[in-house]
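Chain residues, written in single-letter form:
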Amino acid sequence: MEYKSSELTSKYLRSRKIPSTACSGCGLGMNHKIVVQAIQELDLDVGDIVWGTSIGCAGRQTFATWKGDGFAGTHGRVYAIARGLRIALPPEKYLILTVGDGDAFGIGLAHLIHAARCNADMTVIVNDNLGYQSTGGQYGWTTPQGAKTDSSPYGMFEHNLMSEGMDVMHILKGAGATFLARHVSMDGERAVETVKKAIQNRGFSLVHMPYPCPTNFASRELGSRNQVNIYRWIKERAAPLGQEKNTTVWATGIWHDASNSRPEFSQLVRETVEKIRRTGTI
Ligand code: SF4
């Protein structure tokens, strides 16, 4: 179903924070809309969700946009805070975190892995602008190989977290995540359906969502901030899982769905504490 941004905004977001301070043409707003539309389609209210944000473009532009309760953490700490909140909050509350690629897959990766290991109930949306765009456009862990950036003028030549089959999704699956998916901003309804499934998993869910950055990434790699060019560049490098080509960087769709198959972190803590109280042992 197609929703007007204004309908979703007035119901769920703070009007004084929308539009955000993102650069003109930034694709982050499309990712944000996909998540809010999924919330609407699940018929959830503002009070059902606590929204966390991290650092960088993704954190700054979504910080305090949610009308309900929210919090923010520096690199990786948002997952640690979310684990604490998971125990403190009533179990029926949902935790949704909008973070960036540096926060999730670089500086904060150890915290992310431990949230997955515990199967802590949270939905992590990794808004990936393909490098360090809020600091001017240096390459990072998800910058496609060959891309020219401020710190790779001849092209990014290191292995990244999607190259040669070493996908970060495998790391997170091995760590214990129970729902993993990837979509680019232009995936629209497909992405909304996936985010709905991610939220419905009462365990650790992550959706990796690369998006176009016209200001820094496109200006270095494509030599222009023309928005059409960077949207096309990303779209050409994405393909549904199973339909990848040699040029595919982002295989999109659901990578791993073991929803509700492992004990959830806070549930396990509560049950264990209760058992110790009753029996004096675990
Ligand atoms: S620097 Fe790039 S990712 Fe950051 S707000 Fe501007 S366009 Fe978006």
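Residues numbered from 1 in each chain as written. Predicted model: local features only at pLDDT ≥ 70, side-chain atom pairs only at ≥ 80, totals over all residues.

1. Focus: the overall build of the chain
Turning to step 1, where the next piece is worked out: Check the secondary structure of the chain and you find eleven helices and eight strands.
Turning to step 2, where the next piece is worked out: At 19 Å, the chain has a C-alpha radius of gyration in line with the 19 Å of a compact globule built from 282 residues.
Turning to step 3, where the next piece is worked out: With respect to the three principal axes, the spread of C-alpha positions in the chain is 65 × 40 × 35 Å.
Turning to step 4, where the next piece is worked out: The burial tally for the chain puts 47% of its 282 residues in the buried class.
Turning to step 5, where the next piece is worked out: Within the chain, contacts between residues at least 6 apart in sequence are counted, and of these 67% link residues at least 24 apart. (Helix = DSSP H or I, 4+ residues; strand = E, 2+ residues; numbered from the N terminus. Rg over C-alpha atoms; globule rule 2.2 N^0.38 Å. Buried ≥ 20, exposed ≤ 12 C-beta atoms within 10 Å, placed from the backbone. Contact = placed C-beta atoms within 7 Å.)

2. Quick look at the nonpolar core
Turning to step 1, where the next piece is worked out: If you look at the biggest cluster of nonpolar residues, it comprises 66 residues, and the most contacted ones within it are L97, A115 and V195.
Turning to step 2, where the next piece is worked out: It is helix 2 (residues 28-41) that provides the largest number of residues to this core, a total of seven residues.
Turning to step 3, where the next piece is worked out: Discounting residues that sit within four places of it in the chain, A115 has contacts with Y79, A82, R83, A120, M122 and F204. (Core = buried A, V, L, I, M, F, W, Y, C linked by C-beta atoms within 7 Å.)

3. Points about the pairing of strand 3 (residues 94-100)
Turning to step 1, where the next piece is worked out: Burial analysis of strand 3 places six of its seven residues in the buried class, the great majority of the element.
Turning to step 2, where the next piece is worked out: As paired elements, strand 1 (residues 49-53) and strand 3 share five bridges and run parallel to each other. Bridging across to strand 3, T53 finds its partner in T98.
Turning to step 3, where the next piece is worked out: Across five bridges, strand 3 lies against strand 4 (residues 122-128) in parallel orientation. The residue of strand 4 that forms the bridge with T98 is I125. (Pairing = 2+ DSSP bridges.)

4. Here's the deal with the sheet that holds strand 8 (residues 250-257)
Turning to step 1, where the next piece is worked out: Spatially, eight strands are ordered 2-1-3-4-6-5-8-7 in an open sheet, and the strand pairing comes out mixed. The open sheet has two edge strands, strand 2 (70-72) and strand 7 (238-240), and neither has a second partner. Ignoring strand direction, the axes of neighbouring strands in this sheet form an average angle of 20°.
Turning to step 2, where the next piece is worked out: As paired strands, strand 5 (residues 179-182) and strand 8 are joined by four bridges and run antiparallel to one another. The partner of L180 across the bridge, within strand 8, is H256.
Turning to step 3, where the next piece is worked out: Sitting on the sheet, helix 4 (residues 77-88) is in contact with strand 1, strand 2, strand 3 and strand 4, with an inclination near 175° to strand 3. (Axes fitted to C-alpha atoms, helices over the stretch in contact; angles between N-to-C directions.)

5. With respect to unusual backbone geometry
Turning to step 1, where the next piece is worked out: Omega for the peptide link from I18 to P19 comes to 0°, which places this bond in the cis form.
Turning to step 2, where the next piece is worked out: You can see P19 is positioned in the loop between helix 1 (5-12) and helix 2.
Turning to step 3, where the next piece is worked out: Of note in this structure, A64 is not a glycine but carries a positive phi near 60°.
Turning to step 4, where the next piece is worked out: Along the chain, A64 turns up in the loop between helix 3 (56-62) and strand 2.
Turning to step 5, where the next piece is worked out: A64 gets classed as partly exposed once you count the C-beta atoms within 10 Å, which come to 14.
Turning to step 6, where the next piece is worked out: For E164, which is not glycine, the phi torsion reads 45° and is therefore positive.
Turning to step 7, where the next piece is worked out: Topologically, E164 is positioned in the loop between strand 4 and helix 7 (168-175).

6. Some details on the site of the ligand
Turning to step 1, where the next piece is worked out: As a matter of local geometry, the ligand sits amid A22, C23, C26, L28, C57, N129, Q133, S134, C213, P214, T215 and N216.
Turning to step 2, where the next piece is worked out: A per-element tally of the shell around the ligand places helix 9 (residues 214-221) first, with three residues.
Turning to step 3, where the next piece is worked out: Residues that form the shell around the ligand fall into these classes: seven nonpolar, five polar and no charged. (Near = placed C-beta within 6 Å. Nonpolar A, V, L, I, M, F, W, Y, C, P; charged D, E, K, R; others polar.)

7. Re the packing of helix 1 against helix 2
Turning to step 1, where the next piece is worked out: Helix 2 packs onto helix 1 with a crossing angle of 70° between their chain directions and a minimal axis gap of 10 Å. By the angle class used here, helix 1 and helix 2 are roughly perpendicular. Facing helix 1, whose interface residues are S5, L8 and Y12, helix 2 presents K33, V36, Q37, I39 and Q40.
Turning to step 2, where the next piece is worked out: Of the residues contributing to the contact of helix 1 with helix 2, the split by class is four nonpolar, three polar and one charged. (Parallel < 35°, antiparallel > 145°, perpendicular 65-115°, else oblique.)

8. Details of the pairing of strand 8
Turning to step 1, where the next piece is worked out: Here strand 7 runs beside strand 8; their pairing, made up of three bridges, is parallel. Among the inter-strand pairings, A238 is bridged to a residue of strand 8, identified as W250.

9. So, the environment of P263
Turning to step 1, where the next piece is worked out: Relative to the elements of secondary structure, P263 occurs in the loop between strand 8 and helix 11 (265-279).
Turning to step 2, where the next piece is worked out: The class for P263 is partly exposed, based on 14 C-beta atoms found within 10 Å.
Turning to step 3, where the next piece is worked out: When the C-alpha atoms of P263 and D121 are compared, they prove to be 9.9 Å apart, with 142 residues separating the residues in sequence.

10. What about the packing of helix 4 against helix 6 (residues 109-117)?
Turning to step 1, where the next piece is worked out: Closest axis-to-axis distance for the helix 4/helix 6 pair is 7 Å, and the angle between their directions is 30°. Taken together, the axes of helix 4 and helix 6 are roughly parallel relative to one another. On helix 6, the residues touching R77, Y79, A80, A82 and R83 of helix 4 are H111, L112 and A115.
Turning to step 2, where the next piece is worked out: Partitioning the contact of helix 4 with helix 6 into residue classes produces five nonpolar, one polar and two charged.

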